[in-house]
Amino acid sequence: MAQHSTHPGSASRVRHRALLGTVVLVVLVALAGLAAFLTRDGRSPAETPAPPPSSPTASSSPSSPSGPLPPHTRPRALPIPPKTHDPIAYGKAAAAALWSYDTRVYAQPELRKALRGWLTTEAKYADPTSVDKAVPSAVLWKEMAANGQFATAKVYEGHFPNAFTRALQEDPGAITQAYVYAVTVSGKQSIAWKGSPSGGAESRATTLAVQCRPDRPCALVGVMPSVAP
């Protein structure tokens, strides 16, 4: 069992991490308004929806298509983080990466490793657990792979949540310790599998913690447990 420090500050950070799923709100302790918003009663944590059940005909191999595959059925490579200093642009790219996967091309551990590569190298801020939760479990991945299931994402917009903006306006200097920004992204996830290339789609939204220090490109801190408008 992991040992916890007896210092009050350390214990407080552990409690916040367990409650919020990311250390961003511990780092930006001055942004109390955002913390209150995300932990208020009546808000449930954001969950990654389970992929749709396999098509009844998914076990049969589809006929080979003639000509090039349409864009939405082409195999997708592992996600690579962009080099940008814009937290909203980075948040939108990260959300698209978290909403996408392709069991036809790579294994579940490969996707987990790739997504962890988006995280900040500052370990005290990074929350890999929240990122891992966005990846289907190994058991589910095996079932999806048998059906050639994959998901693509389309991002509509990204913005700083209202509570974050207000808190930052009240204390602009709070951001300068860790340069961690909250970014809410909305879009659509489309899921398909062999035998059903059109699949289905649903709207998605998530709030991410993104670190953008002035002297280096942005990096992901973690996924917030609730979507902040």
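Residues numbered from 1 in each chain as written. Predicted model: local features only at pLDDT ≥ 70, side-chain atom pairs only at ≥ 80, totals over all residues. Heavy atoms only, no water.

S.K.: Just give me the short version of the overall build of the protein, but keep the residues and values in it.
M.R.: Each helix and strand in the protein was counted, giving 8 helices and 5 strands. Its helices and strands in sequence order give the protein the pattern α-α-α-α-β-α-α-α-β-α-β-β-β, from N to C terminus. Burial analysis of the protein (229 residues in total) assigns 43% to the buried set. Taking contacts inside the protein between residues at least 6 apart in sequence as the whole, the part at least 24 apart equals 75%. (Helix = DSSP H or I, 4+ residues; strand = E, 2+ residues; numbered from the N terminus. Buried < 20%, exposed > 50% of the residue type's maximum accessible area, 1.4 Å probe, protein only. Contact = heavy atoms within 4.5 Å.)

S.K.: How would you explain the state of the cysteines if you had to name every residue and give the values?
M.R.: Counting across every chain of the model gives 1 disulfide. The side chain of Cys-212 participates in a disulfide bridge whose partner is Cys-218; the two sulfur atoms lie 1.9 Å from each other. Disulfide Cys-212-Cys-218: the torsion about the S-S bond is 110°, which places it as right-handed. (Disulfide = S-S within 2.5 Å.)

S.K.: Could you give an account of the confidence of the model for the protein, with specific residues and numbers?
M.R.: In this model, the protein carries a mean pLDDT of 77, and residues with pLDDT of at least 70 account for 67%. Considering each helix and strand of the protein separately, the mean pLDDT is smallest for helix H3 (residues 32–39), with a value of 40, and largest for helix H4 (residues 87–98), with 98. Segment residues 1–69 is flagged for pLDDT under 50; beyond a separation of four residues in sequence, or across chains, it makes 100 contacts in the model. (pLDDT = per-residue confidence, 0-100.)

S.K.: So what's going on with the nonpolar core? Residues and values would help.
M.R.: Burial of nonpolar side chains together is a common tendency in soluble globular proteins. Of all hydrophobic cores here, the largest spans 40 residues; its most connected members are Leu-98, Tyr-101, Leu-208 and Leu-220. Going through the elements one at a time, H4, helix H5 (108–116), helix H7 (138–146), strand E3 (180–193), strand E4 (196–211) and strand E5 (219–223) are the ones with two or more residues in this core. The element best represented in this core is E3, accounting for 7 residues. Those residues in contact with Leu-98, other than ones at most four positions away along the chain, are Leu-115, Val-131, Ala-134, Leu-208 and Val-223. (Core = buried A, V, L, I, M, F, W, Y, C linked by side-chain atoms within 4.5 Å.)

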